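# Summary of the model geometry
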Amino acid sequence: MSSILDEYEDSLNSRHPVQHSSRLSAANIGMTHSGFVNVRLEEEKPIFNKQRIDFSPPEKINHFAVCNNQLCMSLGKDTLLRIDLAKPDRPNQVELGRKEDSRVHKLFLDPTGSHLVISLSTSECLYLNRNTQKVRSLSRWRGHLIESVGWNKLLRTETNTGPILVGTSQGIIFEAEISASEGSLFNTNPDQYFKQVHSLEEDGRPAPVCCIEVERGPESKVVIIATTRKRLFQFVGRVAEGSEQQGFSAIFSQNQELLPSFQEFPFNMGYSEITFYTPKLRSCPKAFAWMMGNGVLYGQLDYVKLDSLLSDVQVWDYTPDIDFSFNKPISIVLTQFHFLLLLPDRVKAICTLNGQVVYEDVFPDKFGTLKKMIKDPAGGLVWIYTEKAVFRYHIQREARDVWQMYMSMNKFDLAKEYCRDRPECMDMVLAKEAEHCFQDKRYLESAKCYALTQNYFEEIALKFIEAKQEEALKEFLLKKLNNLKQSEKTQITLLVTWLTELYLNCLGLLQSDEGKHGVFQETRDEFRKFLSSSKHKECLYNNRTTIYDLLASHGNVDDMVYFSVIMQDYERVISHHCQHDDYSAALEVLSKHCDEKLFYKFSPILMQHIPKKVVDAWIQMGSRLEPKKLIPALVNYSQMGSTQQVNETIRYMEFCVYQLTVTEEAIHNYLLSLYAKYKPDSLLWYLEQAGSHLSDIHYDLKYALRLCAEHGYLQACVLVYKIMELYEEAVDLALQVDVDLAKTCADLPEDDEELRKKLWLKIACHVVQEEKDVKKAMNCLSSCNLLKIEDILPFFPDFVTIDHFKEAICSSLEEYNQHIDELKQEMEEATESAKRIREDIQEMRNKYGVVENQEKCAACDFPLLNRPFYLFLCGHMFHYDCLFQEVTPHLSTYKQTKLDELQKKLAAATQTSKSRHRPAPKEEGGDTASLGKGSAGVSREQIKSDIDDIIACECVYCGELMIKSIDKPFIDPQKFEEEKSSWL
């Protein structure tokens, strides 16, 4: 018994159930070919998958109930077996302790699996709670054979059922409540109360209440459905919020005044059973199926309807093989799209959509007669039992073939709903819907559906062309285009081009019909929206030449301009405006999109017609335009244009020079030429403000000089000569204009006194010889201190008397005397300075310093007196060789070379002095030897003095040498690696 829920597959030798295929082929429904290929790698599992529980009951199974994974079964005479399916290895067995003549009539288990009511054939009832082992008698229920129980799904708890309804074999409906608690001292019964609320009849006589169901709908609505053998009753009422605990009496009392609403069928098979389908736990049922004598009544439940809850009701007639004499239906279970009918030896599954038997499973005789079929709402499993065995059905993907049924019923929206995750099925549904719409002449809807299918594109397109439905064809192409991937460039190009042609044809037809102006405007807006689609912008751009050709072939100029703007093909737009003499519109496009290349291209023609606006646009563009590239347009129309064009040209050139500070020579030269030709008053001002240094000049000086000379602007020429530092030419030309201007030019070469004197002599010569003005010539002497009276006397004629030069001559003589006195004083000061220097040198020779015996060398820190040393005025003392090593690295190459030469000379002189130890002959050679020795001594001292001048000219630590070496590294970069390796 511990393995009661271990699942296993039936042996391969067992009979396979017959499963009728309800699949519809594409050929049967007349659909065109689909692009999908349906390849199944393995056989699809059946919807209804039966499994037998590996369980051999010790006694016969009498009754069976299962809810919320709680299984209860009545075994033999007095045994109740309870199993929690979550813990199948711990079954619970309870002895009922009933009388020998009584047997279990029915088991009723509430939806939570907490409360079990056991109806006995002796009109007694027992109660067992899931959490207890004690079976308790419901004394108030005694005397009534219970046929049905309607559980309360709102107020129930694990220990209390809340108000429930109970149906008896006598047609009486009672309201009751059961509590698992022990109760008070005086009331130990589990049944809290038991009262009659209604009774049901058939043909004027009481009829057993076969089934009763209590449901709560929206807006506090309570629905009670009860069935007898051939009637289905409905009781609908409202319960005030908070008054649910008062029970269902109010519902029945609300229906007392009216005859109860019921459905009745003529045939009676002795019992009936109703079942419901609830899509989610704790929600209201959505559908029902009632098994009765005439067949199965099934449909939907509509809680909004006032007259009846039942909606879309249909009756399924029993098939001929169902014979009530020996093969009556026993139980019914409803799923989402099927109801299962239990017969004594088989199970049939009937589709609620088309009423067809889609599944039939025949059970072997060895298991005995099938007794009951129950569905567990919690797990959706269907249980069937016989006296010897228990079976379980798994319902897998029940909706897999529903789409076909809806499709065959032309309910395409529902068909698509149930094949969303199956593209090949969705394609078939869409194709069928498209064909259906086409046959109904709903061409636009057909086009939308066809666009979503994988059917052959050519067939569909030809279909609409043959039907002369261009609007539908256009819709189909648009939808197809939107469904294409960006990688499918060829298909996109084809559709875009075709759609453009269709739109243009349509616009052409509408434009010729004056009564369809509104439709024409809508179509144009739609076409322009298509052209501006961002999704297909790349395709339109790559094929813009083809689009332009199509637009041109239809003469659609407005849309061509619109398309050009979208493609940012502003050149075509501007060309269009210029061809139609709409220059302002062309300039507006230019200014709006600020394309420099287009400005360069179209400025010449625009400058010819609207020069002021063009220049304004150039100025607005500022530095984004290169003025040099606009010169061709300016030169062309400044030479042959009107005054306005010339003035606008000058205005833009001035903007470039003064506002943009353009330094290109061509711009400045062009402005100079304009000034020279049209505004001579501005020429000299421009040259003056341009500066006088060559680095500040941005025009060609030679070109400017030639230009000014050609137009006779002498003063401007003088200015250019001054800038070119051709002062002689400047003075010569200035003398033709004004003497004062020439004087200004003569003072410019400040560093060349000889040239200045020459220039002033030219001015003086001009004044004397050309103007014959002696007084003005004398003024030249006072203006230039380089000229003397004797320099200009040769320019005067012989007849001129000395009276005119008397003052100048006297002044010149006085200056000479003063100069002589200054030279005499300078000579005396120089003599005195030389005397003082000689005294200082003599004093330095006699200066000395005291060196203590403990003094050390500042470089090596060894005693100083051990070797020759130097003593500096700053107090630093160095050995000769230490100072030599310190100073040598800092010397220039020249001094190092010289120091090496002196060292060699000193070594050679010292060697020569030591080798002269031999005595010389006394008669003649004594004086000669003495002379040679004296010469060697003088040579060594001179060499030492020269060495001292190099290495001991200043203290190496306090002098200029240390200051110059402050930016040098402590370690020579060339010896850094060597030094670094020595530290490792």
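Residues numbered from 1 in each chain as written. Predicted model: local features only at pLDDT ≥ 70, side-chain atom pairs only at ≥ 80, totals over all residues. Heavy atoms only, no water.

An unreviewed UniProt entry lists the chain under the name Vacuolar protein sorting-associated protein 18 homolog, with Oncorhynchus tshawytscha as the source organism. The UniProt entry for the chain carries the following comment under Sequence similarities (unreviewed entry): "Belongs to the VPS18 family." (UniProt positions renumbered as here; feature names shortened; annotations may be inferred.)

Turning our attention to the environment of Phe324. Here Phe324 lies in the loop between strand 24 (310-316) and strand 25 (331-334). Residues Phe324 and Gly293, 31 residues apart in the sequence, show an inter-C-alpha distance of 8.9 Å. In contact with Phe324, other than residues within four places in its own chain, are Phe267, Met269, Gly293, Tyr318 and Pro329. (Helix = DSSP H or I, 4+ residues; strand = E, 2+ residues; numbered from the N terminus. Contact = heavy atoms within 4.5 Å.)

In this section: the state of the cysteines. For the structure shown, the criterion picks out 0 disulfides. Unpaired in terms of disulfides, Cys419 finds its nearest cysteine sulfur in Cys425, a separation of 5.9 Å. Cys419 gets classed as buried once you look at its relative accessible area, which sits at 0%. (Disulfide = S-S within 2.5 Å. Buried < 20%, exposed > 50% of the residue type's maximum accessible area, 1.4 Å probe, protein only.)

Before going further, it helps to spend a moment on the nonpolar core. Within the largest apolar cluster, 67 residues are counted, with the highest numbers of intra-cluster contacts made by Ile574, Leu606, Trp618, Tyr652, Met653, Leu687 and Tyr699. Residues within four places of Leu606 in sequence aside, it is in contact with Cys578, Tyr583, Ala586, Leu587, Leu590, Pro611 and Val614. Listed in part, the 42 residues of the second largest apolar core include Tyr450, Leu477, Leu504 and Leu510. (Core = buried A, V, L, I, M, F, W, Y, C linked by side-chain atoms within 4.5 Å.)

Moving on, we come to the environment of Arg442. Looking at the secondary structure, you find Arg442 in the loop between helix 4 (423-439) and helix 5 (443-451). A relative accessible area of 33% means that Arg442 is categorised as partly exposed. A C-alpha to C-alpha distance of 9.1 Å links Arg442 and Ala472, two positions 30 residues apart in sequence.

So, on to the pattern of salt bridges. Two side chains bearing opposite charge may form a pair once their charged atoms approach each other closely. One pass over the full model with this rule turns up 34 salt bridges. Between Asp203 and Lys230 there is a salt bridge, with its nearest N and O atoms 3.0 Å apart. Of the two residues, Asp203 is situated in the loop between strand 15 (201-202) and strand 16 (205-206) and Lys230 in the loop between strand 18 (221-227) and strand 19 (231-238); the sequence distance between them amounts to 27 residues. With a closest N to O distance of 3.7 Å, Glu626 and Lys629 form a salt bridge. Residue classification places Glu626 among the partly exposed positions, given a relative accessible area of 34%. Here the salt bridges share partners, and the residues they tie into one network are Lys612, Asp616, Glu648 and Arg651. (Salt bridge = Lys/Arg side-chain N within 4 Å of Asp/Glu carboxyl O.)

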